[in-house]
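These are the residues of each chain, in order.
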Amino acid sequence: MAVARERGHTVHCLSFGYGQRHGVEIHAARRVASGLGAASHIVFPVDLWLFGGSALTTDVGVPKGRSDEEMSLAIPVTYVPARNLIFLSIATAFAEVTGSSDIYLGVNAIDYSGYPDCRPEFIRSFQETARLATKVGVESASKGKGEVAIHAPLIDLPKHEIIRLGSRLGVDYSVTHSCYDPSPEGLACGECDSCRIRAAGFAKAGIPDPTRYGARVSR
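Please read all numbers here as calculations on a predicted model, not as lab measurements. (Residues numbered from 1 in each chain as written. Predicted model: local features only at pLDDT ≥ 70, side-chain atom pairs only at ≥ 80, totals over all residues. Heavy atoms only, no water.)

Before going further, it helps to spend a moment on the nonpolar core. Counting residues in hydrophobic clusters, the biggest one holds 32 residues, and the most contacted among them are Tyr18, Leu88, Ile123 and Ile150. Secondary-structure elements contributing two or more residues to this core are helix 4 (83–98) and helix 5 (120–133). Considering every element that reaches this core, the biggest residue donor is helix 4, with five residues. If you look at the next biggest cluster of nonpolar residues, it comprises 13 residues, including Val3, Leu154, Leu169 and Tyr173. (Core = buried A, V, L, I, M, F, W, Y, C linked by side-chain atoms within 4.5 Å. Buried < 20%, exposed > 50% of the residue type's maximum accessible area, 1.4 Å probe, protein only. Helix = DSSP H or I, 4+ residues; strand = E, 2+ residues; numbered from the N terminus.)

Structure (structure tokens):
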């Protein structure tokens, strides 16, 4: 959102309540949207718990305390099947309705998790799908006008560079949330893959980590 705002866009935010065990991230998204001056913010309900298939949408345990090597070996059980494909499809519909020509999302391809729907190949493919599947895409092709563009400005940045970029753009990281398995009070567990990658990113960036952890973080 901060990158889109810096580029001069009026930002309409879209978050998803998809049955995730870390539903506290929705509250964090509201704080971020408000703090960065969103023109609007919609929380779209799409209950992926009905499908399951992930530690984030079932009672399967979230992996804890894994090393960098362990995190890089295979796609983990925290992968939610086709999540970003679903989210981008809904975002494209939202963009068509609002007349928006740019969709921004914060996927990152070089975190250890290696989720398939965070890769540049997927973003390029979806861009073409959006062109073929929408009224604005078809009319743009016939009239030689612009079409909806998919932007993933964080996709090839390591975590510490993302943190530095956000800090430069005025992101208040104390209101953000990354943990996959927070406590009922919303405290980060400190040991899931997401917590460990986040903590290591702040350490490498040389920026104090404002995250409220419920446990000691191992790096």
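This model, assessed by the stated rule, comprises six aromatic pairs. The interplanar angle of 40° and the centroid separation of 6.2 Å between the aromatic rings of Tyr79 and Tyr115 together place this pair among those described as tilted. One end of the pair, Tyr79, is in the loop between helix 3 (68–73) and helix 4; the other, Tyr115, is in the loop between strand 3 (102–104) and helix 5, with 36 residues separating them in the sequence. Judged by relative accessible area, which is 22%, Tyr79 ranks as partly exposed. In this structure Tyr115 comes out as buried when scored by relative accessible area, which is 8%. Taking the centre distance of 5.4 Å and the plane angle of 90° together, the rings of Tyr173 and Phe202 count as edge-to-face. Highlighted residues: Tyr173 in the loop between helix 7 (159–168) and helix 8 (193–205) and Phe202 in helix 8, separated in sequence by 29 residues. On the basis of relative accessibility, which here comes to 15%, the residue Tyr173 falls in the buried class. Three or more aromatic residues joined by ring pairs form one cluster here, namely Phe16, Tyr18, Phe44 and Phe87. (Phe/Tyr/Trp six-rings, centres within 6.5 Å; stacked < 30°, edge-to-face > 60°.)

What follows concerns the pairing of strand 1 (residues 12–17). Where strand 1 meets strand 2 (residues 40–45), six bridges bridge the pair, whose relative direction is parallel. From the neighbouring strand, His12 faces strand 2, where its bridge partner is Ser40. For the crossover from strand 1 across helix 2 (residues 24–35) to strand 2, the handedness is right-handed. (Pairing = 2+ DSSP bridges. Right-handed = clockwise from strand over helix to strand, strands pointing away.)

Looking now at the layout of surface pockets. Here the second largest pocket defines a volume of roughly 200 Å³. Around the second largest pocket, the lining is made up of 18 residues, and of these Arg31, Ser174, Thr176, His177 and Gly186 lie nearest the centre. At three residues, helix 2 tops the list of elements feeding residues into the lining of the second largest pocket. Among the residues forming the lining of the second largest pocket, the class breakdown is eight nonpolar, six polar and four charged. (1 Å grid on protein atoms, 1.4 Å probe; cavity = no way out; pocket = protein on both sides within 12 Å on 5 of 7 lines; lining within 4 Å. Points joined across faces, edges and corners; volume = space filled by probe spheres on them. Nonpolar A, V, L, I, M, F, W, Y, C, P; charged D, E, K, R; others polar.)

Further remarks concern helix 8. Taking 1.5 Å of rise per residue, the 13 residues of helix 8 would be expected to cover 18 Å, and the 18 Å separating its terminal C-alpha atoms lies within 8% of that figure. Helix 8 sits mainly inside the fold: 10 of its 13 residues count as buried. Three or more residues of helix 8 are buried, namely Asp193, Ser194, Cys195, Arg196, Ile197, Arg198, Ala199, Gly201, Phe202 and Ala205. Those residues of helix 8 that are buried lie in contact with helix 3 and helix 7. Looking one or two residues past helix 8, Gly206 carries a phi angle of roughly 75°, positive in sign. (Expected span 1.5 Å × (residues − 1). Contact = heavy atoms within 4.5 Å.)

Looking at the element boundaries, Ile110 is found in the loop between strand 3 and helix 5. Separated by 45 residues in sequence, Ile110 and Ile155 place their C-alpha atoms 7.4 Å apart. Residues within four places of Ile110 in sequence aside, it is in contact with Ile155, Asp156, Leu157 and Pro158.

Let's shift gears to helix 7. Among the residues of helix 7, His160, Ile162, Ile163, Leu165 and Gly166 are the ones counted as buried. Elements in contact with the buried residues of helix 7: helix 1 (2–6) and helix 8. Immediately beyond the C-terminal end of helix 7, within one or two residues, lies Gly170, with a positive phi of roughly 90°.

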